[in-house]
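Residue-level listing of the chains:
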Amino acid sequence: MKPRTLAAEALGWVEPQHRGLIPAIHPATTFERAADGSYPGGKIYSRDNNPTYDQPEAVLAALECGKHALLFSSGLAAATAVFQALRPGAAVLAPRMMYWGLCNWLTGPAREWGLRSSFYPNGDLQAFEDACRKERPSLVWIETPANPMWDIQDIAATAEIAHRFGAMVVADSTVATPVHTRPLELGVDIVMHSATKYLNGHSDVVAGALVAAQASEFWDRIRAVRSSGGAVLGPFEAWLLLRGMRTLFLRVEAASANAARLASHLQASNRISSVLYPGLPGHPGHDIASRQMAGGFGAMLSVRLGGEVSARAFAGALRLFKQATSLGSVESLVEHRASVEGPQTLCPSDLIRLSVGIEDIDDLIDDVDQALAAS
Ligand SMILES: Cc1ncc(COP(=O)(O)O)c(C=O)c1O
C-alpha cells in the first residue's frame, strides 16, 4: 500500500471486540498479572508502555519505513532520550543551525553531564568530514531543512561519511515529514519528530517520536531512558496524534503548495531582502532538496527585511498569520525568531519565520501584502 493509504486508514486496524474503526483510549496506568506472574495482556505499567501507543507507533514506523517507533511526551524529550542513551564522555556532532532548544540543551545540561558536543556548518560536507576526523563522534545529528534558515543537508552523503567514521546517525525530520523525505531510506539509523508539529497538525498536542531502522542495543537503551525517565505521552494525546496523522498527507501537501506560492510571491517584493525557502531555485540547497524531498519542499520559510525594526513591524502587521511560536499546524504562524531565542541566537535579527498553513492562498498573499504596505 502507498504511504497515504497507510496514513488515511491508520494501517486498516479494526478494534477486535466491537469492530470499531477508531481505537479506544486506554487510561489504565497498570495491568493485571496472571496467577503465574506473567502479563497476558503484554503491558505492565503505563510508564513503560500503554496500549494507546501501539497504533500510532505502528503507523509512524510504517510511514518512515522503519522497524520500531517510540512516542515521547515532547519532541525535545524524544531528542534528549537519544543523547541520554549514549555513555558520558561520548562525542556528538550537530549542525550549527538547528532547532535552538536542542542546541541549548547540547551546550548546557548535556555538557555538564559529560557529552562532548560540537557543531558542523550546515550543508558543508567537507567541513563535516573534517569534523568527524577530529571529533570521532559516536553520534551525528542532522536537521534538514534546518531551523530557521532552512539550510539543506545531503542526508545520504552525511550518513555515508558518518558511518565511515563509526558514528550513528539521527535525523530531525520534523519539517520534512514522511510526506516529503524518508531519512531511513537514505541511510539514517533513527528519525526524530517533534510530533507537536505536522504529525499531529492541530496545535493541540505536545508529543515526540523516534523511529529506528532496526532493533539494536542502542534502541533498547533509548526505550529504557523513556521508561526510567518517564517522559511518556498521555493516552489521550497519543489518540489525538493518531487522529492527526490520518490527514498528514492532505495537510502537508496543501501547506507545502501554499508555501511555494507564497515564497515566489514574496521574492517579487522589493520590500523583502531575501526569501529563504528550499523550493526556490536560488536557494543554495535547492538541488539536494530536489533529490531528497519528494512532492514539495515543506511549508516553512523565512524572510529577511534588512533591519530588525522593519522585520518586527511586518510580523506585527500580519492579521491572518498569528504571532505565536511553533509550526506545522493548519493555521499560519509568524515569529521573530531572534527575540524568542535570546542573546545567544545565531538567527539574524531581521529574519521573520513563517509557518504556512492550509488557508486559501489568496488570503495569505493578501495578508502579507497588506502587512508589507503597513510596515
Ligand atoms: C525542528 C524541531 N525539532 C524539535 C522541536 C522540539 O519539539 P517539542 O516542542 O515538541 O519539544 C521543535 C520545536 O519547535 C522543532 O521545531
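Reading the values: rules and limits
Residues numbered from 1 in each chain as written. Predicted model: local features only at pLDDT ≥ 70, side-chain atom pairs only at ≥ 80, totals over all residues. Heavy atoms only, no water. Helix = DSSP H or I, 4+ residues; strand = E, 2+ residues; numbered from the N terminus. Buried < 20%, exposed > 50% of the residue type's maximum accessible area, 1.4 Å probe, protein only. Contact = heavy atoms within 4.5 Å. Areas by Shrake-Rupley, 256 points an atom, 1.4 Å probe, with all protein chains shown as cover. Lys, Arg positive; Asp, Glu negative; His and termini not counted. Charge placed at Lys NZ, Arg CZ, Asp CG, Glu CD. Expected span 1.5 Å × (residues − 1). Pairing = 2+ DSSP bridges. Axes fitted to C-alpha atoms, helices over the stretch in contact; angles between N-to-C directions. Domains from an automatic or database assignment. Buried area = accessible area lost by both parts, 1.4 Å probe. Salt bridge = Lys/Arg side-chain N within 4 Å of Asp/Glu carboxyl O. Near = heavy atom within 4 Å. Polar contact = N/O pair within 3.5 Å; in protein donor to acceptor, adjacent residues only side chain to side chain. Patch = residues over 30% accessible without salt bridge, like charges linked within 9 Å, V, L, I, M, F, W, Y side chains within 5 Å.

Draft legend 1. Inspection of the overall build of the chain at higher detail. In terms of regular secondary structure, the chain is built from 15 helices and twelve strands. Seen through its C-alpha atoms, the chain measures out along the principal axes to roughly 75 × 55 × 35 Å. Counting all 375 residues of the chain, 54% fall into the buried class. Of all intrachain contacts in the chain linking residues separated by at least 6 positions in sequence, the fraction that spans at least 24 positions is 71%. Carbon and sulfur atoms provide 53% of the accessible area of the chain, an area that totals close to 15,600 Å². Side chains of the chain carry 32 positive and 38 negative charges; the gap between the two charge centres is 3 Å.

Draft legend 2. Spotlight on helix α11 (residues 248-267). In this model, α11 (20 residues) spans 28 Å end to end at C-alpha, consistent with the 28 Å of a helix rising 1.5 Å per residue. By the burial criterion, the buried members of α11 are L248, F249, R251, V252, A255, S256, N258, A259, L262, A263 and L266.

Draft legend 3. Here's a closer look at the sheet that holds strand β9 (residues 300-304). Strand order in the open sheet made by the five strands is β8-β9-β12-β11-β10, with mixed pairing throughout. The open sheet has two edge strands with one neighbour each: β8 (274-276) and β10 (322-323). Where β8 lies against β9, three bridges are found, and the strand directions are antiparallel. Bridge pairing in β9 links S274 to R304. Across the sheet, α11 is in contact with β8, β9 and β12 (351-355); its angle to β9 comes to roughly 10°. In the packing of helix α13 (residues 308-317) onto the sheet, the strands contacted are β9, β10, β11 (333-335) and β12, and the crossing angle to β12 comes to about 25°.

Draft legend 4. Highlighting the sheet that holds strand β5 (residues 168-172). Here seven strands make up an open sheet; going across it, the order is β1-β7-β6-β5-β4-β2-β3 and the pairing mixed. Bordering the open sheet on either side are β1 (68-72) and β3 (116-120), each of which pairs with just one other strand. Ignoring strand direction, the axes of neighbouring strands in this sheet form an average angle of 20°. Running at roughly 125° to β1, helix α2 (residues 51-63) makes contact with β1, β6 (190-194) and β7 (208-212) of the sheet.

Draft legend 5. Examining the side chain of H180 more closely. Mapped onto the secondary structure, H180 falls in helix α8 (residues 177-180). Among the residues examined, H180 registers a relative accessible area of 3% and is labelled buried. Apart from the residues lying within four places of it in its own chain, the contact partners of H180 are V252, S256, Q292, M293, A294, G295, G296, F297 and G298.

Draft legend 6. Layout of the domain arrangement of the chain. Per the domain assignment, the segments making up the chain are domain 1 (3-245) and domain 2 (248-374). In this structure, domain 1 and domain 2 have C-alpha centres spaced 26 Å apart. Residue-level contacts link 35 residues of domain 1 with 40 residues of domain 2. Interface of domain 1 and domain 2: buried area, both sides summed, is about 3,100 Å²; carbon and sulfur atoms make up 63% of it. Three residues stand out in domain 1 for area buried against domain 2, namely W150, H180 and Y198, and they jointly supply 25% of the buried area on that side. Between R291 and D154 there is a salt bridge, and its shortest N-O distance comes to 3.0 Å.

Draft legend 7. Local environment of the site of the ligand. Surveying the vicinity of the ligand reveals 14 residues, the closest of which are G75, L76, D172, S194 and T196. Contact between the ligand and N147: an oxygen atom at 3.4 Å from a side-chain N or O atom of the residue. Between the ligand and S194, the relevant distance is 2.8 Å, taken from an oxygen atom to a side-chain nitrogen or oxygen of the residue. Bound to the protein, the ligand loses 89% of the 390 Å² it would expose on its own. Counting residues per element, the ones that place at least two in the shell around the ligand are α3 (75-84) and β6.

Draft legend 8. A look at the environment of A81. Inspection of the secondary structure puts A81 in helix α3. Expressed as a C-alpha distance, the spacing of A81 and V225, which sit 144 residues apart in the sequence, is 6.0 Å. Leaving out residues up to four positions away in the same chain, A81 has contacts with F72, I222 and V225.

Draft legend 9. The arrangement of a negative patch on the surface in detail. Residues D360, D362, D363, D366 and D369 make up a contiguous surface patch of negative charge. Topologically, D366 is positioned in helix α15 (residues 361-374). For D366, a relative accessible area of 49% corresponds to the partly exposed category.

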